[in-house]
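Geometric and topological summary
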Amino acid sequence: MGADDYVKKPFSQRLLVERIRALLRRQDAVAGDVVGDTEETKVIERGDLRMDPLRHAVTWKGQDVSLTVTEFLLLQALAQRPGFVKSRDQLMDVAYDDQVYVDDRTIDSHIKRLRKKLRMVDDEFSAIETLYGIGYRYNEE
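Residues numbered from 1 in each chain as written. Predicted model: local features only at pLDDT ≥ 70, side-chain atom pairs only at ≥ 80, totals over all residues. Heavy atoms only, no water.

1. Overview of the pattern of salt bridges
Going through the model one piece at a time under the given rule, you end up with eight salt bridges. The closest approach of N and O atoms between glutamate 71 and lysine 117, which form a salt bridge, is 2.7 Å. One end of the pair, glutamate 71, is in helix α2 (residues 69–80); the other, lysine 117, is in helix α4 (residues 104–121), and 46 residues separate them in sequence. In this structure lysine 117 comes out as partly exposed when scored by relative accessible area, which is 25%. The salt bridge partner of arginine 105 is aspartate 108, with a shortest N-O separation of 2.8 Å. Of this pair, arginine 105 and aspartate 108 both sit in helix α4, three residues apart, roughly one helical turn. Given a relative accessible area of 14%, aspartate 108 falls into the buried group. (Salt bridge = Lys/Arg side-chain N within 4 Å of Asp/Glu carboxyl O. Helix = DSSP H or I, 4+ residues; strand = E, 2+ residues; numbered from the N terminus. Buried < 20%, exposed > 50% of the residue type's maximum accessible area, 1.4 Å probe, protein only.)

Function cannot be inferred from these measures alone, as they are strictly geometric.
Here's what the structure looks like:
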C-alpha cells in the first residue's frame, strides 16, 4: 500500500471495490502469479483484432492502434461477445461510471472516432456494425 491507494471521502463502493481489485492484482503480479484469468484482463483475439487490457494495447492486422480509454473500453465490450448487440445504454455503463451523465449520442461519437482510427490502419475495416435504433455489434471477419 502506498499513497496511490488513498481514497478521498466521499467515495463510492464501486471505487473502493476497484481499488481493492487493483491492489490484489498488483500483489499477485509481484508474487509471480499469472494475471489474466478474469474477463477484464484476458487478451482478446478476434480475427485481425488483438486487445491486451493489461497493457492497454490494440493491434489490427498486426499494426498498433492508439485508442483513448473510453474507445478501448467500448471496443473491448463489443469484441468480448462478437455477434451480440450492445445497446447505447449498455455501452455507456461500460465506459462511464454512475456519477457521470452523458447523452447516448456521445457513444455514437466515440464509435465514429474508433472506426476512423481503425480505418487509418485498414481502409476495409467494417467489423463494428450499427444496428439503427438498437445499438452496435462486433462482427468477426
